[in-house]
Each structure stands twice: as C-alpha cells, then as structure tokens.
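Geometric and topological summary
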Amino acid sequence: MTRREFRKDIRGRGASSNVTNRYDSLKYEATEEEFDNYADEKTLLKTEVLKDSSRTILSENKSPDIGFRFSVNAYRGCEHGCSYCYARPTHEYLGYSPGLDFESKIFVKEEAPKLLREALMKKSWEPQVIAMSGVTDCYQPLERKMQLTRGCLEVLLEFKNPVSMITKNGLILRDLDIFKEMAKYNGILIFISVTSLDAELARTLEPRTSPPQTRLHVIKTLADAGIPVGVNVAPCIPGLTDHEMPMILKAASEAGAQYAGYVPLRLPSSVMPIFEEWLEVHRPLNKQKVLNSVRDIRGGKLNDPNFGSRMRGEGPRADHMAQMFALYARKYNLNMKKFSLSAEHFQRPGDQLKFAID
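**Some thoughts on the overall build of the protein**
Looking only at helices and strands, one finds 13 helices and 10 strands in the protein. Here the protein, with 358 residues, has 53% of them falling under the buried criterion. Intrachain contacts of the protein at a sequence separation of at least 6 include 81% that bridge at least 24 residues. Total accessible area on the protein stands at roughly 16800 Å², and carbon and sulfur atoms take up 52% of it.

Written as structure tokens, this is what we have:
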C-alpha cells in the first residue's frame, strides 16, 4: 500500500511530497489529521543510491522535435530537484514516486563507461553526436563522487565521438581538460541552462543546482578556454520567469555565450501536481497567475503533449515569447555563427594499427 508523504518545505528539495505513482494499483490518501502530523517536518531528506543493472547505455530518441538520436544517462533520477522537471515521470516506471523519490532515490549505472566503450566498438555503430543529459543532469551532485560522466567523456575522447552536453551545475568545469581536447576536432558543444537570475527563486525552484552567477561564470570559463558554449533559457515559465529572458540572454552573451535556445515550461502527467504544489508552498500569491499564464500557451490546458507545439507553445503569448527570444538573441549577437559537431575524426582503438599493418 502506498502512502503520500505531506511536507511543507523540505530543505534542499524541490518537491514537497511523494505524489502517487500513476501505475500503483493500491493507493492511500492521508486524512487531514495525518497531514497535520507532517506539516511542520522540515528535516533534510538524505539521498539513497541504488544500483542500476542495465546492460546497455545508449538510449535512442524517436521524438521528432528533439534534436538528437542517441543519448547517454549514467543516472536515473536527479538530485537537483527541479520542481518542474519533465523527466520526473520516468521514476514511476521503476515503481517510485516522481516527487521526492525522483530526487532522493538515484539509480546509478556503475558500468556506464564500460558499456559505452562496448557500444562504440561495435561495427554497427555509425559515428554521430551523442547527447549527455536527457532524463537527468549528468553533473548532478552525485557525479562529484561517482565520476561516471567523466568516465564516459574519456571514452568519447578516445574514440573522438562528438558529444553535446547540457547542465545546470558548475561541476562541469572539472572536466575542462577533456573539453579542450575535444574542441580540437569540433567534438564538443555545451549549453548551460539558466532559468532565472534571481538567486532566491532559483534556490527554491532548483534547490541543488548551481546559483545563477555560478552558471554565468561557467559560461565565461568555457568560452575563455575556446569551448563552444551556449545558454538555454529553460524552462521559460510564463508569469514567473519569462520577463527575465532579455536579461538572461544579455548576461550570457556578456559572459561569452555564442549560442542560445529556449523552451517554455512543460508539465507532462505527474509533473503538473508537483509544480502546482511548489507554487502553493513557495509562491502562493502568484499560483493562479502562473497557472493561467501556462494555460495561455497550452490551448487552455496546463500541458500540450503534441510534438512540435509542446516545445514552443501556441497562441499570442507563445508567439510573443518567440519574438522576444529572436529579438534579443539577435541584439546580443547570439546564434550568429554556425557551428556543427563533427564525427569525421571518429576512430576505434586499433584502427590505425591495422591500417599500418595493411
């Protein structure tokens, strides 16, 4: 039997409770009296690390509105705890809640680098861009200890297979040495997500991510090192952070970003109640304004699952958002230079030796 845990504000976490797993056949809803017993609990919820025994590491994307085919995720779940994270429902497939479980029960693929090496060694692998961070941030706090992302990068560097990355964590600078080598053959492109420049808002909205100023520092450091870097204004939350888009683009450009993108807030399935709960806890006076603003770009609903429109929104407000992005991206010289990752240098270990022998 499942139980929903009621908590007002858990330090260091984005969700305030464990919403019910959609796939649970037995459900339990606590009474008001039981809720009162949990209302004042504000303890720090510790992270539990669980072993993921997957025997493959490359995930194939078949969504037509996502710009990559293959991705690598060494983790399932994400300690960053972003209350709006579209990947939260993936934990339901594992039998857990998309709420607190998603950010506190992290599955780890300990053999990720080994599995990636095996995949790239196969003759069936056609060299192409691999994306890192699809359903989890590859630089979430646990990476500092596990170093699985670094291990995968070392494999990609060895094979000279291009990679694109996106993160909210300053830990990415740890691997600057690898990025410098990858940049020599157009093998790396990095985007740093900046949702808001308001440090206090970011602290509750994305509790275990790096502060906004740290992310701008990351952009500057990468740019100064010659690494192609961009900013992703994502998610752009109508009624809450959308007014910050010009400021974010300006700050990122001044830090050295050359590229930019944006994605309006998406609230698929069980993400919706988690984000609504976050508004109730942290922005109660703005809750209806934000939700109504989301409905403005989602055809009167809180979510649009359709390919294409789900990534841009529809209606006058969505059009204004797109126009604002285009205007300020151009004003701050973003997306002015063309850049494409190259797979032409790909080689499997031993290929050169075999060529020399032949």
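**Digging into the packing of helix H3 (residues 112-121) against helix H5 (residues 148-159)**
Their axes nearest at 8 Å, the elements H3 and H5 cross at an angle of 25°. It follows that H3 is roughly parallel to H5 by the angle criterion. Handedness of the crossing formed by H3 with H5: right-handed. When H3 is examined against H5, the residues Ala112, Pro113, Leu116, Arg117, Leu120 and Met121 are found in contact with a partner set consisting of Leu148, Gly151, Cys152, Val155, Leu156, Glu158 and Phe159. Its residues assigned to classes, the contact of H3 with H5 comprises 10 nonpolar, 1 polar and 2 charged.

**Things to note about the side chain of Glu143**
Looking at where Glu143 falls in the secondary structure, it is placed in helix H4 (residues 143-146). Judged by relative accessible area, which is 0%, Glu143 ranks as buried. Reaching out from Glu143, the side chain makes a polar contact with the side chain of Tyr75 at a distance of 2.6 Å.

**Describing the nonpolar core**
In terms of nonpolar packing, the biggest core is built from 61 residues, with Leu153, Met165 and Phe179 touching the most fellow members. Not counting residues within four places of it along the chain, the set of residues in contact with Met165 comprises Met132, Cys138, Tyr139, Thr149, Leu153, Phe179, Ile188, Leu189, Ile190 and Phe191. Cys82, Leu240, Leu291 and Val294 belong to the second-largest nonpolar core, a separate cluster that totals 20 residues.

**Observations concerning the environment of Lys337**
Considering the arrangement of structural elements, one finds Lys337 in the loop between helix H12 (316-331) and helix H13 (351-357). The class for Lys337 is exposed, based on a relative accessible area of 53%. Here Lys337 is in contact with Gln258 and Tyr259, once residues within four sequence places are set aside.

**Brief notes about unusual backbone geometry**
Of note, the bond from Ala234 into Pro235 is cis; its omega dihedral lies within 30 degrees of zero at -10°. Of note in this structure, Gln147 is not a glycine but carries a positive phi near 55°. With respect to the helices and strands, Gln147 occurs in the loop between H4 and H5. Classification of Gln147 as partly exposed rests on a relative accessible area of 40%. One non-glycine residue, Lys160, lies in the positive phi region at around 55°.

So, how was this worked out
- Residues numbered from 1 in each chain as written.
- Predicted model: local features only at pLDDT ≥ 70, side-chain atom pairs only at ≥ 80, totals over all residues.
- Heavy atoms only, no water.
- Helix = DSSP H or I, 4+ residues; strand = E, 2+ residues; numbered from the N terminus.
- Buried < 20%, exposed > 50% of the residue type's maximum accessible area, 1.4 Å probe, protein only.
- Contact = heavy atoms within 4.5 Å.
- Areas by Shrake-Rupley, 256 points an atom, 1.4 Å probe, with all protein chains shown as cover.
- Axes fitted to C-alpha atoms, helices over the stretch in contact; angles between N-to-C directions.
- Parallel < 35°, antiparallel > 145°, perpendicular 65-115°, else oblique.
- Left-handed = near helix turned anticlockwise from the far one by under 90°.
- Nonpolar A, V, L, I, M, F, W, Y, C, P; charged D, E, K, R; others polar.
- Polar contact = N/O pair within 3.5 Å; in protein donor to acceptor, adjacent residues only side chain to side chain.
- Core = buried A, V, L, I, M, F, W, Y, C linked by side-chain atoms within 4.5 Å.

On their own, these measurements won't tell you what the molecule is for.
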